[in-house]
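Chain by chain, the residues run as shown.
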Amino acid sequence: MRRLAAFGTALALLGTVAGCASQHQRSATASAPATTTATATTTTPSSAAACAGTAGSSTSHTMNVASHPRTFIEHLPSNFAASTKYVAIIVFPGRGESAVQIEGYSQLDSTNTIVLYAQGLDGTDGESTWEATPYAGASAHDYEFASDMVNWLAGAPCVDANRIGLTGKSDGAGFAASAACVTSGVAAVATVSGAFYQADTRCTPTGRPLPVMNMHGAEDPVIPYNGSTTRGLYSTNAWLALWQQRDSCTGSSTNTPVGADVVRSTLTSCTDGTEVVNYDIADGGHTWPGATVTSGPGGTTHTIDAAQLIAAFFTDSQSLSARFR
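Residues numbered from 1 in each chain as written. Predicted model: local features only at pLDDT ≥ 70, side-chain atom pairs only at ≥ 80, totals over all residues. Heavy atoms only, no water.

Caption draft 1: Highlighting the overall build of the chain. The helix and strand tally for the chain stands at six helices and 13 strands. Here the chain holds 325 residues, and 57% of them are scored as buried. Summed over its atoms, the accessible surface of the chain is roughly 11700 Å², and 52% of this surface lies on carbon and sulfur atoms. (Helix = DSSP H or I, 4+ residues; strand = E, 2+ residues; numbered from the N terminus. Buried < 20%, exposed > 50% of the residue type's maximum accessible area, 1.4 Å probe, protein only. Areas by Shrake-Rupley, 256 points an atom, 1.4 Å probe, with all protein chains shown as cover.)

Structure (structure tokens):
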């Protein structure tokens with residue numbers, strides 16, 4: 001049953017999810033093409049290469065991470081000007097998904113940001129995934145990959161180094177949050193239908209505070225909103241309570257209806273100007289809010305647009321060092 005209680009009350013639930021996580025159903029998506037054709041592959045590009053494309057273009061890049069090639073697609077906004085500093089978003093697709101697929105359904109290409117779509121590696125079951133899951137490959141080096149992409153963007157003259165955010169869906173969302181906790185230069189994190197495994201302990205309650213925004217369907221058939229003890233998955237409320245602790249938030253969340261099927265819960269009394277935001281989507285499945293093509297099983301809300309919300313959230317957020325200037 002869906003729980004609409006403020007997530008600030010979920011602190012008592014922490015630690016109730018136990019055991020090693022078992023495999024969950026892959027994040028099913030259509031093989032939707034990217035909105036623009038990826039062109040020109042470069043190897044270990046300099047940061048200047050981030051600003052070398054044309055407006056609206058998608059370019060495939062390869063960088064060496066721990067002596068292994070890792071790939072990502074970079075998309076530049078439709079009004080791109082190399083002299084402007086843009087918010088940058090790094091996107092991690094779900095299990096079994098490709099960078100091309102999540103570029104196709106997420107609609108992040110429509111935002112006025114520079115977007116990197118990272119490609120995962122095959123895990124122990126042959127499906128592409130990320131570290132922070134129980135079936136990632138032993139030598140994935142995904143955290144190094146995330147850090148290298150952040151540093152690559154931070155050195156680019158067309159990127160606002162104080163506004164680099166991580167996002168993703170399903171396994172990719174779980175990894176985005178985990179990587180944000182341990183990667184310097186990340187200003188904020190946003191997660192969609194996130195798989196948050198208790199076995200991953202990188203996000204400690206006493207770590208660096210960060211703004212966090214989450215979206216999750218109450219009827220998600222792949223990653224249940226209320227978690228799973230047998231699979232070692234946090235419930236949405238329990239996972240958000242961890243961030244409430246990490247960001248030293250006080251008081252209860254403010255719940256605001258957004259249309260007929262979405263409730264936004266917000267905690268803003270947090271340290272260093274951070275906030276914890278959750279979108280609880282009634283009847284929502286394992287899908288990307290606002291998607292116009294298949295993004296997973298279950299219902300898709302169009303009351304909210306995840307791409308625009310994420311872009312706005314990252315635009316309003318800035319790195320901790322910038323907040324102290």
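Picking up after the structure, the text goes on.
Caption draft 2: Representation of the pattern of salt bridges within the structure. On inspection of all chains with the given rule, the structure shows four salt bridges. The residue Arg 70 makes a salt bridge to Asp 142 at a minimum N-O spacing of 3.0 Å. Highlighted residues: Arg 70 in strand β3 (residues 68-75) and Asp 142 in helix α2 (residues 142-154), separated in sequence by 72 residues. With a relative accessible area of 2%, Arg 70 lands in the buried category. Accessibility expressed as a relative area gives 1% for Asp 142, which makes it buried. We note a salt bridge from Asp 125 to Arg 95, for which the minimum N-O separation is 2.0 Å. On the criterion of sequence distance, the pair formed by Asp 125 in the loop between β6 (121-122) and β7 (128-129) and Arg 95 in the loop between β4 (86-92) and α1 (99-106) is long-range, its members being 30 residues apart. Here Asp 125 falls in the partly exposed class, since its relative accessible area comes to 28%. With relative accessibility at 4%, the residue Arg 95 sits in the buried group. (Salt bridge = Lys/Arg side-chain N within 4 Å of Asp/Glu carboxyl O.)

Caption draft 3: Structural detail: the side chain of Glu 131. As for its position among the elements, Glu 131 is in the loop between β7 and α2. Among buried Asp, Glu, Lys and Arg side chains, Glu 131 stands out as unpaired, with Arg 202 the closest opposite charge at 4.8 Å. Reaching out from Glu 131, the side chain makes a polar contact with the backbone nitrogen of Asp 142 at a distance of 2.7 Å. Polar side-chain contacts of Glu 131 include one of 3.3 Å to the backbone nitrogen of Tyr 143. Leave out the neighbours within four places in its chain, and Glu 131 touches Ala 136, Ala 140, His 141, Asp 142, Tyr 143 and Phe 175. (Lys, Arg positive; Asp, Glu negative; His and termini not counted. Polar contact = N/O pair within 3.5 Å; in protein donor to acceptor, adjacent residues only side chain to side chain. Contact = heavy atoms within 4.5 Å.)

Caption draft 4: Representation of the environment of Val 277. If you trace the backbone, Val 277 turns up in strand β13 (residues 276-281). Separated by eleven residues in the primary sequence, Val 277 and Thr 266 place their C-alpha atoms 4.5 Å from one another.

Caption draft 5: Main features of helix α5 (residues 306-316). Within α5 the residues assigned to the buried category are Ala 306, Ala 307, Ile 310, Ala 311, Phe 313 and Phe 314. The buried side chains of α5 occupy one side of the element, clustering within an arc of 165 degrees when seen end-on. The inward-facing, buried residues of α5 abut β4, α1, β8 (159-169), β9 (188-192), β10 (212-217) and β13. (Arc of directions from axis to C-beta.)

Caption draft 6: Quick look at the packing of aromatic side chains. Here the structure, examined in full by the defined rule, presents ten aromatic pairs. Ring centres of Phe 92 and Trp 130 lie 5.0 Å apart, and the angle between their planes is 85 degrees; on these two criteria the pair is classed as edge-to-face. Here Trp 130 lies in the loop between β7 and α2 and Phe 92 lies in strand β4, a separation of 38 residues in the sequence. Residue Phe 92 is classed as buried on the basis of its relative accessible area, which comes to 0%. A relative accessible area of 1% places Trp 130 in the buried class. Ring-pair connections join several aromatic residues into one group, and the members of that group are Phe 92, Trp 130, Tyr 143 and Phe 175. The ring centre of Tyr 135 lies 4.4 Å from the NZ or CZ of Arg 95, which sits over that ring. (Phe/Tyr/Trp six-rings, centres within 6.5 Å; stacked < 30°, edge-to-face > 60°. Lys NZ or Arg CZ within 6 Å of the ring centre and 35° of its normal.)

Caption draft 7: Focus on the confidence of the model for the chain. With 86% of its residues at a pLDDT of 70 or more, the chain shows a mean pLDDT of 88. Every residue in residues 11-42 scores below 50 in pLDDT, and together they form 101 contacts with partners more than four places removed in sequence or on other chains. (pLDDT = per-residue confidence, 0-100.)

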